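Fold and geometry: a report
One letter stands for each residue in the lines below.
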Amino acid sequence: MKPSTYHRKLSQFGADILHSPGMQSEKHYMQHGDVSVFAHSIAVACTCLWIARLLQLYLNFRLNERVLIRGALLHDYFLYDWHVPDKSHRLHGFFHAKLAFQNASRDFALGEIERDMILRHMFPLNPCPPAYPESIILCIADKLCAAEETLSRKSRYRKISSRY
Ligand SMILES: [Fe+2]
Ligand SMILES: [Fe+2]
């Protein structure tokens, strides 16, 4: 997909999230390398869309793009810098999905699939497996982006995230 297509879909389904104070604050929290949680979340949402497009093209399997984008944008909505040691977020890998879910439910109206996406995106580190196709796609996209950001210390979707 062209960058403009990703941008159009993110704006169409996730503008309220992208421009919210909570999401904007993610620009100040680093995720992997010098990629912020904000840029990581956009990269994950774009990767979800890319996988969804492949599934539609090759298997004629349709996913809910609105839910996919919103769940992906909010999956790491834990709102702190996990590199800064603090009692409130010890064992970040194990507990941040629950914190992201609590923050996201406070700030946005979440549907059943979005709740499942956020809560279970850390499978298998968090042992409860994702229950919906959108949650499984998020799980895969998150790991692909984390690997790219950790190994190359950047995100291919950096340009898109700089638009918000
Ligand atoms: Fe996460
Ligand atoms: Fe993530």
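As shown above, the structure is provided for reference.
In this report, the structure presented in the accompanying data block is examined.

Rules used in this analysis
Residues numbered from 1 in each chain as written. Chains lettered and ligands numbered in written order. Predicted model: local features only at pLDDT ≥ 70, side-chain atom pairs only at ≥ 80, totals over all residues. Core = buried A, V, L, I, M, F, W, Y, C linked by C-beta atoms within 7 Å. Buried ≥ 20, exposed ≤ 12 C-beta atoms within 10 Å, placed from the backbone. Helix = DSSP H or I, 4+ residues; strand = E, 2+ residues; numbered from the N terminus. Contact = placed C-beta atoms within 7 Å. Axes fitted to C-alpha atoms, helices over the stretch in contact; angles between N-to-C directions. Parallel < 35°, antiparallel > 145°, perpendicular 65-115°, else oblique. Nonpolar A, V, L, I, M, F, W, Y, C, P; charged D, E, K, R; others polar.

**Concerning the nonpolar core**
Counting 44 residues, the largest nonpolar core has A45, C48, L68 and A72 as the members making the most contacts within it. Those elements that place two or more of their residues in this core are α1 (3-18), α3 (37-59), α4 (65-74), α5 (92-107), α6 (112-120) and α7 (133-152). Among the elements that make up this core, the one with the highest residue count is α3 (11 residues). Those residues in contact with A45 that lie beyond four places of it in its chain are L10, I69, A72 and L73.

**As for the packing of α1 against α3**
Across the interface, α1 lies against α3 with an axial gap of 11 Å and an inter-helix angle of 105°. In terms of orientation, α1 and α3 fall into the roughly perpendicular class. Residues Y6, K9 and L10 of α1 form the contact with α3, whose participating residues are I42, A45, C46 and L49. Of the residues in the contact of α1 with α3, the class split is six nonpolar, no polar and one charged.

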